[in-house]
Amino acid sequence: MSEAAEVPERLAGRRLDAVAAQLFPDYSRARLQAWIQAGRLRVNGAVAARPRVAVAAGDQIDLDPEPLHNEAEGQRAQAIALDVLYEDADLAIINKPAGLTVHPGAGVADGTLQNALLYRYPESVDLPRAGIVHRLDKHTSGVMVVARSLRAHTHLVRMMQAREIRRGYEAIVWGRLVSGGTVDAPIGRDPRSRTRMAVNESGRTAVTHYRIQQRFAWHTLLAVQLETGRTHQIRVHMRHIHHPIVGDDAYGGRRGHGKGIPQILRDHLEGFPRQALHARRLQFAHPVHGEAVDIAAPIPADFRALVEALTQHAPDRGA
């Protein structure tokens, strides 16, 4: 469906793509530039093929926001079960299970959340990565928001960049922390391993807040809040403060089995199949109508069983 707007006096003389971004805020400037170059935007009835052309007050701009080719095209729609916590015409909130990869990549051709979204929401083929705006690691469980419309996708991406989406996690880490705190340490690629990240002074700003939920004899259950969203951020920051996440092979969570841990608890810890990290809660203003969205994903059975084992076999020893 085409959209139309008139250039107001305050935008007169500015370049077309900048004006279009003001008049059609549901779409990113990059997408509008692509549409201009594809001939999908007209000024006073004539196709405008150059983003830099200046516009005048009173010019009529018509936009035909047809979908562009994107990386979701050509991907297979697959009937993979999804635990949908909420959905409307513009977005869906998914409880991703541990073990499900978010989107195809190196060595993973299909069987991903993206393939599942293409099946459940066929219209998502017209959205970048089928509407995925953020990701969870394969072995991290929990709540994710995905877009179902282009306007929602544009605004959710902007909200992520502006840190307007609150993301809360629960994590079980090695060691008994004495208090909550904040890790403010930049994260970049680990120079010793291309598949891992590390605290790196040349990396990007990364801030993680954490507080104690429950202490055990050799471990701590944390509530974690992300201020930024870097790759592997919580896992890297927990390793940085010498409290790696239980079960995290890449960042030290299989090491440091404490002295005196009873064998039954060791068996639970060694048998835990993934990092003990769960995306618990998302809070944000709906990108279209602005109402508050606050969705929590239930604690998965494996995580809950590990907490129960720690409670039973490693109660808090006190200060």
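Preceding this paragraph is the structure being described.
Summary of the structure given here. Not measured: the values here are computed from a predicted model. (Residues numbered from 1 in each chain as written. Predicted model: local features only at pLDDT ≥ 70, side-chain atom pairs only at ≥ 80, totals over all residues. Heavy atoms only, no water.)

1. Quick notes on the overall build of the protein chain
And then number 1: Looking only at helices and strands, the protein chain has seven helices and 15 strands in total.
And then number 2: Burial statistics for the protein chain: of 319 residues in total, 49% are counted as buried.
And then number 3: Total accessible area on the protein chain stands at roughly 15,200 Å², and carbon and sulfur atoms take up 48% of it.
And then number 4: Here the protein chain holds 41 positive side-chain charges and 34 negative ones, and the gap between their average locations is 8 Å. (Helix = DSSP H or I, 4+ residues; strand = E, 2+ residues; numbered from the N terminus. Buried < 20%, exposed > 50% of the residue type's maximum accessible area, 1.4 Å probe, protein only. Areas by Shrake-Rupley, 256 points an atom, 1.4 Å probe, with all protein chains shown as cover. Lys, Arg positive; Asp, Glu negative; His and termini not counted. Charge placed at Lys NZ, Arg CZ, Asp CG, Glu CD.)

2. Examining the sheet that holds strand 4 (residues 60–63)
And then number 1: An order of 1-4-2-3 is seen for the four strands of this open sheet, with the pairing classed as antiparallel. Looking at which strands have only one partner, the edges of the open sheet turn out to be strand 1 (3–6) and strand 3 (46–47).
And then number 2: Summarising the sheet, strand 1 and strand 4 pair through four bridges and their orientation is antiparallel. Within strand 4, the residue paired with E6 across the bridge is Q60. (Pairing = 2+ DSSP bridges.)

3. Considering the pairing of strand 15 (residues 292–296)
And then number 1: Residues of strand 15 alternate between two faces, with V293 and I295 buried on one and A292, D294 and A296 left unburied on the opposite face.
And then number 2: Linking strand 14 (residues 277–285) back to strand 15 in an antiparallel pair, the connection comprises six residues, with G290 at a positive phi of about 85°.

4. As for the side chain of K96
And then number 1: Position of K96 among the secondary structure elements: in strand 6 (residues 91–96).
And then number 2: Polar side-chain contacts of K96 include one of 3.4 Å to the backbone oxygen of D137.
And then number 3: Only 2.9 Å separates the side chain of K96 from the backbone oxygen of T140, close enough to count as a polar contact.
And then number 4: Setting aside residues no more than four positions away along its own chain, K96 makes contact with V102, L136, D137, K138, T140, S141, G142 and M144. (Polar contact = N/O pair within 3.5 Å; in protein donor to acceptor, adjacent residues only side chain to side chain. Contact = heavy atoms within 4.5 Å.)

5. What about the pattern of salt bridges?
And then number 1: Going through the model one piece at a time under the given rule, you end up with 15 salt bridges.
And then number 2: Of the charged contacts, one joins R76 and D110 as a salt bridge, the two residues approaching to 2.4 Å between their closest N and O atoms. Residue R76 is found in the loop between strand 4 and strand 5 (84–87), and its partner D110 is found in the loop between strand 6 and helix 3 (113–120); the two are separated by 34 residues along the sequence.
And then number 3: Taking the shortest distance from any N to any O, the salt bridge between R196 and D190 comes out at 3.5 Å.
And then number 4: Given the relative accessible area of 3%, D190 is considered buried.
And then number 5: Overlapping salt bridges bring together R135, D137, R235 and D248 as one network. (Salt bridge = Lys/Arg side-chain N within 4 Å of Asp/Glu carboxyl O.)

6. Regarding the packing of helix 6 (residues 263–271) against helix 7 (residues 301–313)
And then number 1: Where helix 6 contacts helix 7, the axes come no closer than 10 Å and their chain directions differ by 160°. Between helix 6 and helix 7, the angle falls in the class roughly antiparallel. By crossing handedness, the relation of helix 6 to helix 7 is classed as left-handed. Residues I264, L265, H268 and L269 of helix 6 form the contact with helix 7, whose own contacting residues are L306, A309, L310 and H313.
And then number 2: Across the contact of helix 6 with helix 7, the residue classes break down as six nonpolar, two polar and no charged. (Axes fitted to C-alpha atoms, helices over the stretch in contact; angles between N-to-C directions. Parallel < 35°, antiparallel > 145°, perpendicular 65-115°, else oblique. Left-handed = near helix turned anticlockwise from the far one by under 90°. Nonpolar A, V, L, I, M, F, W, Y, C, P; charged D, E, K, R; others polar.)

7. Points about the nonpolar core
And then number 1: With 65 residues, the main nonpolar core has V145, I172 and F284 as its most contacted residues.
And then number 2: Excluding residues that lie within four positions of it along the chain, V145 makes contacts with L91, A92, I93, V133, H134, L156, M160, L282 and F284.
And then number 3: Membership of the second largest hydrophobic core comes to 21 residues, among which are L11, V19, A21 and A48. (Core = buried A, V, L, I, M, F, W, Y, C linked by side-chain atoms within 4.5 Å.)

8. Considering helix 7
And then number 1: For helix 7, with 13 residues, the first-to-last C-alpha span of 18 Å sits near the 18 Å given by 1.5 Å per residue.
And then number 2: Inspection of helix 7 places F303, L306, V307, A309 and L310 among the buried residues, and these make up the whole buried set. Seen from one end, helix 7 has its buried residues packed into an arc of 160°, which puts them on one side. In helix 7, the exposed positions that point more than 90 degrees away from the buried face belong to A301 and Q312.
And then number 3: Buried residues in helix 7 make contact with strand 8 (166–174), strand 12 (207–215), strand 13 (219–226), helix 6 and strand 14. (Expected span 1.5 Å × (residues − 1). Arc of directions from axis to C-beta.)

9. Overview of unusual backbone geometry
And then number 1: A positive phi angle, close to 50°, is found at R129, a residue other than glycine.
And then number 2: One can find R129 in the loop between helix 3 and strand 7 (141–147).
And then number 3: Taking relative accessible area as the criterion, R129 reaches 35% and is therefore assigned partly exposed.
And then number 4: Positive phi, normally seen in glycine, also occurs at H242, with a value near 70°.
And then number 5: With respect to the helices and strands, H242 occurs in the loop between helix 5 (233–240) and helix 6.
And then number 6: The exposure class of H242 is exposed, given its relative accessible area of 67%.

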